[in-house]
Amino acid sequence: MSDTGITTGDDGKSRCHWHANLPDYMHYHDEEWGRPVTDDIRLFEKICLEGFQSGLSWLTILRKRENFRAAFAGFDFEKVALFDGPDIERCVADAGIIRHRGKIVSTINNARRAIELKQEFGSLARYFWSYEPGTGDRPGMVDRAYIAANPTTPVSVRISKDLKKRGWTFVGPTTVYAFMQAMGLVNDHVEGCFCRSEVEAIRKALVRP
């Protein structure tokens, strides 16, 4: 890996280093991370899973993602909002997910808040994408040093504060920025990663909500 955060795989492609050449993590890097998402269910899923990640690695969550989807009704927030006490206990007993009662309760709470957000803005996508940083808010060069120095940004701080005012939980600015990176609100594939130009092309063609 170079100081820019690039590593070259056995296939000869240069990538962001963080996938550590693990096949499932590399697939996530290549096919998902940073590619713009405007689907409300996927947006809700991701911000909830980022909350579950707090204190853990994303790889741990990624490898349990299908279990999370099964436990939380595919992250359909209209359904999750109806979860009650027995559902909480079912999730707490589910060894396939992270059995953190506070994060489970937070997911149910956030589903209810997501319904309110959708009612106000028309969609979660419209709300989140309204915060997409402008060109002037982005660095001239995205490299390892920039990523390491910026676990949060002014925009992620603003989103976090607004969500908390609306009653969301486990949505700190670091969690929100990880969500922004993954959902393509920013392109943080580092310079030299083959995905960076692909993501830029997708972002350029994207019809914003």
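What counts and what doesn't
- Residues numbered from 1 in each chain as written.
- Predicted model: local features only at pLDDT ≥ 70, side-chain atom pairs only at ≥ 80, totals over all residues.
- Heavy atoms only, no water.
- Salt bridge = Lys/Arg side-chain N within 4 Å of Asp/Glu carboxyl O.
- Helix = DSSP H or I, 4+ residues; strand = E, 2+ residues; numbered from the N terminus.
- Buried < 20%, exposed > 50% of the residue type's maximum accessible area, 1.4 Å probe, protein only.
- Polar contact = N/O pair within 3.5 Å; in protein donor to acceptor, adjacent residues only side chain to side chain.
- Contact = heavy atoms within 4.5 Å.
- Disulfide = S-S within 2.5 Å.
- Core = buried A, V, L, I, M, F, W, Y, C linked by side-chain atoms within 4.5 Å.
- Phe/Tyr/Trp six-rings, centres within 6.5 Å; stacked < 30°, edge-to-face > 60°.
- Lys NZ or Arg CZ within 6 Å of the ring centre and 35° of its normal.

## Observations regarding the pattern of salt bridges
Then, in step 1: The final tally for this structure, using the stated rule, is 18 salt bridges.
Then, in step 2: The salt bridge involving E45 is made with R69; its shortest N-O contact spans 2.7 Å. Of this pair, E45 sits in helix α2 (residues 40-53) while R69 sits in helix α4 (residues 65-71), and the two are 24 residues apart along the sequence.
Then, in step 3: Overall, E45 belongs to the buried group, its relative accessible area being 8%.
Then, in step 4: Close ionic contact of E132 with R203 constitutes a salt bridge, the shortest N to O distance being 2.8 Å. Taken together, the positions of E132 in the loop between α8 (124-129) and α9 (144-149) and R203 in helix α12 (residues 194-205) put the pair 71 residues apart, joining distant regions of the chain.
Then, in step 5: Linked by salt bridges that have partners in common, D11, R15 and D30 make up one network.

## As for the side chain of N109
Then, in step 1: Locating N109 in the fold gives a position in helix α7 (residues 101-121).
Then, in step 2: A distance of 2.9 Å separates the side chain of N109 from the backbone oxygen of G167, its partner in a polar contact.
Then, in step 3: Apart from the residues lying within four places of it in its own chain, the contact partners of N109 are G167, W168 and T169.

## Describing the state of the cysteines
Then, in step 1: One pass over the full model with this rule turns up zero disulfides.
Then, in step 2: Of the cysteine sulfurs around C48, a residue in no disulfide, the closest is that of C91, at 12 Å.
Then, in step 3: Its sulfur unpaired, C193 is 3.8 Å from the next cysteine sulfur, which belongs to C16.
Then, in step 4: Owing to a relative accessible area of 5%, C193 belongs among the buried residues under this scheme.

## Examining the nonpolar core
Then, in step 1: Grouped together as the largest cluster of nonpolar side chains are 58 residues, with contacts concentrated most on F44, F68, F72, F128, I159, L163 and M180.
Then, in step 2: When neighbours within four sequence positions are excluded, F44 is seen to be in contact with F75, F77, T107, N110, A111, A114, L124 and W168.

## What about unusual backbone geometry?
Negative phi is the rule for most residues except glycine; trans is the rule for most peptide bonds.
Then, in step 1: Of note in the backbone geometry, A20 takes a positive phi value of approximately 55° without being a glycine.
Then, in step 2: Here A20 is to be found in the loop between β2 (14-16) and α1 (23-31).
Then, in step 3: Positive phi, close to 65°, is recorded for N21, a residue that is not glycine.
Then, in step 4: In this structure, N21 sits in the loop between β2 and α1.

## Side note on the packing of aromatic side chains
Then, in step 1: All chains considered together, the criterion is met by 14 aromatic pairs.
Then, in step 2: An angle of 40° between the planes, with centres 5.7 Å apart, marks the rings of Y28 and W58 as tilted. With a gap of 30 residues between them, Y28 in helix α1 and W58 in helix α3 (residues 58-62) connect regions that are remote in the sequence. No difference in accessibility class separates Y28 from W58, as the two residues are buried.
Then, in step 3: Every member of this aromatic cluster is reached through a ring pair, and the members are F44, F52, F68, F72, F75, F77 and F83.
Then, in step 4: Positioned above the aromatic ring of F194, the side-chain terminus of K13 is 4.6 Å from the ring centre.
Then, in step 5: Above the ring of W58, the side-chain terminus of K46 is found at 3.2 Å from the ring centroid.

## Overview of the side chain of S123
Then, in step 1: With respect to the element layout, S123 can be found in the loop between α7 and α8.
Then, in step 2: Residue classification places S123 among the buried positions, given a relative accessible area of 14%.
Then, in step 3: Among the polar contacts made by the side chain of S123, one reaches the main-chain amide nitrogen of R126 at a distance of 2.9 Å.
Then, in step 4: With residues near it in sequence (within four places) discarded, S123 still touches D40 and K118.

## Some remarks on helix α11 (residues 173-182)
Residue pairs spaced three or four apart in an α-helix point in one direction, given the helix's 3.6 residues per turn.
Then, in step 1: With respect to burial, α11 is a largely interior element, seven of its ten residues being buried.
Then, in step 2: Of the positions making up α11, those classed as buried are T175, V176, Y177, F179, M180, Q181 and A182.
Then, in step 3: Tucked into the core, α11 has its buried residues touching α1, α2, α8, α9 and α10 (154-165).
Then, in step 4: Backbone geometry just downstream of α11 places G184 in the positive-phi region, at approximately 85°.

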